[in-house]
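Coordinate inspection notes
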Amino acid sequence: MTTKPTPKSRPHSDGYGLTVLPDPPKPPDAMKQRPHIARMDQVLRAHFAHRPNVLVSGEGYLCDVAGNARSSPNPDLLVSFGLDIPPDVIEDVANGYTISEVGKPPEFVLEVASETTARRDETVKRDIYAGFGISEYWRFDRTGGRYYVAALAGDMLVNSAYQPIPLETGDDGIIRGYSPALDLELHWQDRRLRFWNPATQIYLPDLIEALGALATSRSELAAERAARQAAEEEIRRLRAELERQSDRG
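Now for a look at the structure at hand. On a predicted model such as this, the values are computed, not experimentally measured, just so you know. (Residues numbered from 1 in each chain as written. Predicted model: local features only at pLDDT ≥ 70, side-chain atom pairs only at ≥ 80, totals over all residues. Heavy atoms only, no water.)

A few points about the environment of leucine 78
- Inspection of the secondary structure assignment puts leucine 78 in strand 5 (residues 77-80).
- For leucine 78, the residues in contact, after removing those within four places along its chain, are Leu55, Val56, Ser57, Gly58, Tyr97, Pro106, Phe108 and Val109. (Helix = DSSP H or I, 4+ residues; strand = E, 2+ residues; numbered from the N terminus. Contact = heavy atoms within 4.5 Å.)

Structure follows, in structure tokens:
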């Protein structure tokens, strides 16, 4: 009888002992989810970058104990606040998130719908995340509800059970819900999930938008510079013409 190898524990150079978790398998349609996951990951990392005890990560195993990793879910995105272990240690060394070793569950977990994972996301994973004590569990379906029951859904843990987070759909077609854990609103808009900051009344920018804004700004600046140069050349031309007329007079 053979036994499966168990994950090895490797202490970090800063003195933390974390179990190195294996890489989880990728679903066959992972590439369809990947752009959305990467965008949301980048947006939230930038938003919480000034808080050194906040981890934004995902796609690694999330388990109660390391030995249960391979039977545990690997959420697309998670956020954990108030960590005693540096977030980069958890992400780089552990290759996942073991609740018993980190000392607390994440406050926020999000799954992105795919054809192969949708049913499990809405049933089995929902029960597992509630059992782990995760405060909020959100689900985003870029198709608007082809895979999940709804385009956007969130649950909040109340007395060890999930209760739906209220959502509303505006006249603009945007589906909105507030996340107390993130202190942000999640918006389903044009097949994208965006994060709205109620404090600043603006969307959190993503890298693509930032690059687009930079390109627009540079283009506008170049146009302004060209217009200014053209105006200066016209002024010089008029002055030269006036001088020529003065000389002839």
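Considering the environment of asparagine 53
- Looking at the secondary structure, you find asparagine 53 in the loop between helix 1 (30-47) and strand 3 (55-57).
- Owing to a relative accessible area of 29%, asparagine 53 belongs among the partly exposed residues under this scheme.
- Sequence spacing of asparagine 53 and aspartate 84 is 31 residues, and the spatial spacing of their C-alpha atoms is 7.1 Å.
- Among all residues touching asparagine 53, those that are not within four sequence positions of it are Ser80, Phe81, Gly82, Leu83 and Pro87. (Buried < 20%, exposed > 50% of the residue type's maximum accessible area, 1.4 Å probe, protein only.)

Quick word on the side chain of glutamate 111
- With respect to the helices and strands, the residue glutamate 111 is situated in strand 7 (residues 108-112).
- Overall, glutamate 111 belongs to the buried group, its relative accessible area being 1%.
- Within the structure, glutamate 111 has its side chain in polar contact with the backbone nitrogen of aspartate 76 (distance 3.4 Å).
- Among the polar contacts listed, one links the side chain of glutamate 111 to the side chain of lysine 125, at a separation of 3.2 Å.
- With residues near it in sequence (within four places) discarded, glutamate 111 still touches Asn74, Pro75, Asp76, Asp121, Lys125, Tyr129, Tyr137, Trp138, Arg139, Phe140 and Tyr148. (Polar contact = N/O pair within 3.5 Å; in protein donor to acceptor, adjacent residues only side chain to side chain.)

Section: the pairing of strand 5
- Burial of the side chains of strand 5 extends over both faces: Leu77 and Val79 are buried on one face and Leu78 and Ser80 on the other.
- Judged from the three bridges that link them, strand 3 and strand 5 form a sheet pairing that is antiparallel. Bridging across to strand 5, valine 56 finds its partner in valine 79.
- Where strand 5 lies against strand 7, three bridges are found, and the strand directions are antiparallel. Across the sheet, residue leucine 78 finds its bridge partner in strand 7, namely valine 109. (Pairing = 2+ DSSP bridges.)

Side note on helix 1
- Counted at 1.5 Å a residue, the expected span for helix 1 with its 18 residues is 26 Å, and the 25 Å between its end C-alpha atoms agrees.
- Along helix 1, the residues classified as buried are Ala30, Gln33, His36, Ile37, Met40, Asp41, Val43 and Leu44.
- Residues of helix 1 that are buried make contact with strand 3, strand 5, strand 7, strand 8 (136-140), strand 13 (184-189) and strand 14 (192-197). (Expected span 1.5 Å × (residues − 1).)

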